[in-house]
Amino acid sequence: EPLINAVGGTLFKAEDIEYGDITLEWDGEPAVGVRLDEMVSLDRMVGTVEEQLGSPLADLDRADKQKAIRMLDQRGAFRLRKSIEDIGEAMGVSRITIYNYLSAIKSDD
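Values in this document were obtained by computation on a predicted structure and should not be read as measured data.

Another aspect to go through is helix H5 (residues 95–108). In this model H5 runs 20 Å from its N-terminal to its C-terminal C-alpha over 14 residues, within 8% of the 20 Å that 1.5 Å per residue would give. What H5 keeps buried is the set Ile98, Tyr101, Leu102 and Ile105. For H5, the arc enclosing every buried residue in end-on projection is 95 degrees, short of the 170-degree limit, so these residues lie on one face. Buried residues belonging to H5 abut helix H3 (62–74) and helix H4 (83–91).

Below, the structure is given as structure tokens:
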């Protein structure tokens, strides 16, 4: 527990593990979960957006992909290293498409 507190995480029961959490195992079985509240995780951001939109990024239509990009941008996803490429891969689009979506968001604002 002191280590979890030192890295800004939360320790909880294995049955409460969510997408993006870290599972600690004991004898090959999930024992507890750790959620790193203070650390930014692109996987966690993408998982949250997918949950909110009700579908994996790759399955979204164009309008929802643009909405997902806006949501990820608001969460700071594109400040993370390789995020353009990783999100493009998750969506099944090129990084140029991601840049176009971001450009459209900036002009709308």
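Now, onward.
With that out of the way, let us pick up the side chain of Ser83. Following the sequence through the fold, Ser83 ends up in helix H4. Among residues more than four places away in sequence, those in contact with Ser83 are Leu42, Ala77, Phe78 and Gly88.

On to unusual backbone geometry, then. Phi is positive for Asp27, close to 55 degrees, though the residue is something other than glycine. Position of Asp27 relative to the elements: it lies in the loop between strand E2 (22–26) and strand E3 (29–36). For Lys82, which is not glycine, the phi torsion reads 65 degrees and is therefore positive.

In terms of nonpolar packing, the biggest core is built from 21 residues, with Leu57, Ile69, Leu72, Phe78, Ile87, Met91 and Ile98 touching the most fellow members. In terms of residue count, helix H2 (residues 42–53) provides more of this core than any other element does, five residues in total. Apart from the residues within four sequence positions on either side, Phe78 is in contact with Ile69, Leu72, Asp73, Ser83, Ile84, Ile87, Ile98 and Leu102.

On to the sheet that holds E2, then. The sheet built from three strands is open, its strands ordered E1-E3-E2 with antiparallel pairing. At either margin of the open sheet sits one strand with a lone partner, and together these are strand E1 (9–13) and E2. If you compare each strand with its neighbour and ignore which way they point, the axes differ by 30 degrees on average. Pairing between E2 and E3: five bridges, direction antiparallel. Looking across to E3, one finds that Trp26 is bridged to Glu29.

Turning next to the confidence of the model for the chain. Low-confidence regions, as indicated by low pLDDT, have predicted coordinates that should not be scrutinised in detail. Residue-level pLDDT values for the chain average 89, and 94% of them are 70 or greater. When pLDDT is averaged over each element of the chain, H4 comes out on top at 96 and helix H1 (residues 2–6) at the bottom at 74.

On to the environment of Ile87, then. The residue Ile87 is located in helix H4 in this model. You can call Ile87 buried: its relative accessible area is 0%. In sequence terms Ile87 and Gly33 are 54 residues apart; their C-alpha atoms lie 25 Å from each other. Beyond its immediate stretch of four places on either side in the chain, Ile87 contacts Leu42, Val46, Leu57, Ile69, Leu72, Ala77, Phe78 and Ile98.

Cut-off values and rules
Going along each chain's sequence as written, the residues are numbered from 1 onward. Residues qualify for local features only when their pLDDT is at least 70, as the model is predicted, and side-chain atom pairs are given and counted only at 80 or more; totals for whole chains, interfaces and linings, by contrast, use all residues. Side-chain figures throughout are based on the complete set of non-hydrogen atoms in the structure, without hydrogens or water. Under the scheme used here, helices are H or I runs from DSSP no shorter than 4 residues and strands are E runs no shorter than 2 residues, and both carry numbers assigned from the N terminus. Given the number of residues in a helix, its expected span is that number minus one, multiplied by 1.5 Å. Only protein chains enter the accessibility calculation, which uses a 1.4 Å probe. A residue is then buried if its area is under 20% of the maximum for its type, exposed if over 50%, and partly exposed in between. Arc definition: directions from the helix axis to the C-beta atoms. Note on contacts: a residue pair is in contact if any heavy atoms of the two residues lie within 4.5 Å. Here, nonpolar core refers to any group of buried Ala, Val, Leu, Ile, Met, Phe, Trp, Tyr and Cys residues whose side-chain atoms link them within 4.5 Å. A strand pair is defined by DSSP finding two or more bridges across the two strands. Every axis in this analysis is a line fitted to C-alpha atoms, fitted for helices over the stretch in contact. Angles between the N-to-C directions lie between 0 and 180 degrees. Per residue, pLDDT measures the predictor's confidence, with a range of 0 to 100.

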